[in-house]
Amino acid sequence: MNPHDVWSDHVPDALSILSTHEPDPIRAAEIRTRCHAALRKGARRPSLVVAAIPDAGWRRALAPAIVGSLCAVYLFEVLSRALRLYRL
Amino acid sequence: MDRETELALVARLRAGDADAFDAVHDAYHARLYNFLARLSRRRDVSEDLLAETWLRLVSTADRLHTDTRLGPWLYTVARNLFYSYCRSRHLDESNAASLIGLWPTPSTRPSPFEETAASELERRVEEALARLPAQHREVLLLVSVEGLQPAEAAAVCGLRPEALRQRLSRARAALDRELDSTTAQPVVVLGEVTT
């Protein structure tokens, strides 16, 4: 038994007498309404996600293509300047 | 709430079912409020954190695991929100004892004498609880008041079960000492009060 294993028998009893207090019912109703609205919004989300999948795939391909093209142009320009500099 | 019902509610929550949300709300709203209120000792703060807890649930409802245990999930979110709140306000939660007295009075009591005794004892327990560090208070609240299993409470607090067991033992001892230190008169045990 380690030194922290102190069990106080009356502690759980003491805690069991604590009253349950009710939260503000008006605030609770407001929260419930907001959560219902958020759930409705969330329930519509899957169809939006499905609709966006082809679009997202196209964007995924477009971004690397643009970056790759710019890199190729830059590399071509660097090489052509280097060749001109050395008069090759 | 039995496990089968809980799993069904999780499935319905994932589908965005408002009735399932209402069932979970009915089961946990007051419990979470009491947990947060005793943790923060502020009614306004606990109401705000409670609202945020429910909004977190609905915003992540479609991503809940199918086997989520709703109670521990909600207590984890509520607890993390409380600590985030303390960090954001640079609050020293140990000053909580000074906020005693914010509680409304309980509504149902059998007799004036019992009412006085119960009220006095309860006040002492609330004060003793409030003087504990938040880490001790939270484990006592989760296990001894909210009735979570030690393994569930360990998950809520981000502890290993063994670490939670030790913290719980220390917390009980600390509460015991606090109760003893406030004993100006012999403690009236509720069961002994007669009229």
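As the structure is a computational prediction, the values presented were derived from the model and not from experiment.

Draft legend 1. The arrangement of the overall build of chain B in detail. Looking only at helices and strands, one finds eight helices and zero strands in chain B. Counting from the amino terminus, chain B carries its helices and strands in the arrangement α-α-α-α-α-α-α-α. A buried classification covers 35% of the 195 residues belonging to chain B. The long-range share in chain B, meaning contacts at least 24 apart out of those at least 6 apart in sequence, stands at 71%.

Draft legend 2. Spatial organisation of the overall build of chain A. Each helix and strand in chain A was counted, giving two helices and zero strands. Here chain A, with 88 residues, has 8% of them falling under the buried criterion.

Draft legend 3. Structural view of helix α6 (residues 134-145) of chain B. All names here are of chain B. With nine of 12 residues buried, α6 lies mostly within the body of the structure. Regarding α6, the residues found buried are His 136, Arg 137, Glu 138, Val 139, Leu 140, Leu 141, Leu 142, Val 143 and Ser 144. Positive phi appears at Gly 147, one or two residues downstream of α6, with a value of about 75°.

Draft legend 4. How the structure looks around the interface of chain A and chain B. Across the contact, 29 residues belong to chain A and 39 residues belong to chain B. Mapped onto the side of chain A that touches chain B, the elements with two or more residues apiece are α1 (10-16) and α2 (25-85) of chain A. When residues in the side of chain A that touches chain B are grouped by element, the largest group, 12 residues, is from α2(A). Classifying every residue of the side of chain A that touches chain B by side-chain character gives 15 nonpolar, seven polar and seven charged.

Draft legend 5. Quick look at the packing of helix α4 (residues 70-89) of chain B against helix α7 (residues 150-157) of chain B. Residues and elements named next belong to chain B. Where α4 meets α7, the axes come as close as 8 Å, and the angle between the chain directions of the two elements is 35°. Between α4 and α7 lies a crossing whose hand is right-handed. Residues Pro 72, Tyr 75, Thr 76 and Arg 79 of α4 form the contact with α7, whose participating residues are Glu 152, Ala 155 and Val 156.

Draft legend 6. Just the environment of Glu52(B), in detail. Checked against the element boundaries, Glu52(B) lands in helix α3 (residues 43-59). Assessed through the 16 C-beta atoms surrounding it within 10 Å, Glu52(B) is described here as partly exposed.

Draft legend 7. Up close: unusual backbone geometry. All names here are of chain B. The phi angle at Arg 41 is positive, at roughly 60°, despite the residue not being glycine. Mapped onto the elements, Arg 41 comes out in the loop between α2 (18-40) and α3. With 24 C-beta atoms packed within 10 Å, Arg 41 lands in the buried category.

Draft legend 8. Structural view of the packing of α6(B) against α7(B). Residue and element names in this part refer to chain B. For the pair α6 and α7, interaxial distance at closest approach is 9 Å and the crossing angle is 145°. For α6 against α7, the interelement crossing comes out right-handed. Within the contact between the two elements, α6 uses Glu 138, Val 139, Leu 142 and Val 143 and α7 uses Pro 150, Ala 153, Val 156 and Cys 157. When the residues that make up the contact of α6 with α7 are grouped by side-chain class, the tally is seven nonpolar, no polar and one charged.

Draft legend 9. Up close: the nonpolar core. Residues and elements named next belong to chain B. Ranked by internal contacts, the top residues of the largest apolar core, which has 53 residues, are Leu 36, Leu 74 and Ala 78. Looking at this core, you find at least three residues from each of domain 1 (1-91) and domain 2 (99-184). In contact with Ala 78, not counting residues within four places along its chain, are Leu 32, Phe 35, Leu 36, Leu 49 and Thr 53.

Draft legend 10. Broad picture of the confidence of the model for chain B. All names here are of chain B. Mean pLDDT over chain B works out to 83, with 78% of the residues at or above the 70 mark. Predicted confidence is poor over residues 185-195, with pLDDT under 50, and the contacts of this stretch with residues over four places away or in other chains come to 13 contacts. In the predicted assembly, ipTM is 0.72 and pTM is 0.69.

Draft legend 11. Region of the structure containing the environment of Leu140(B). Topologically, Leu140(B) is positioned in helix α6. In this structure the C-alpha to C-alpha distance between Leu140(B) and Leu129(B), which are 11 residues apart in sequence, comes to 8.8 Å. Residues within four places of Leu140(B) in sequence aside, it is in contact with Leu15(A), Leu129(B), Val145(B), Ala171(B) and Leu175(B).

What counts, and at which threshold
Residues numbered from 1 in each chain as written. Chains lettered and ligands numbered in written order. Predicted model: local features only at pLDDT ≥ 70, side-chain atom pairs only at ≥ 80, totals over all residues. Helix = DSSP H or I, 4+ residues; strand = E, 2+ residues; numbered from the N terminus. Buried ≥ 20, exposed ≤ 12 C-beta atoms within 10 Å, placed from the backbone. Contact = placed C-beta atoms within 7 Å. Nonpolar A, V, L, I, M, F, W, Y, C, P; charged D, E, K, R; others polar. Axes fitted to C-alpha atoms, helices over the stretch in contact; angles between N-to-C directions. Left-handed = near helix turned anticlockwise from the far one by under 90°. Core = buried A, V, L, I, M, F, W, Y, C linked by C-beta atoms within 7 Å. Domains from an automatic or database assignment. pLDDT = per-residue confidence, 0-100.

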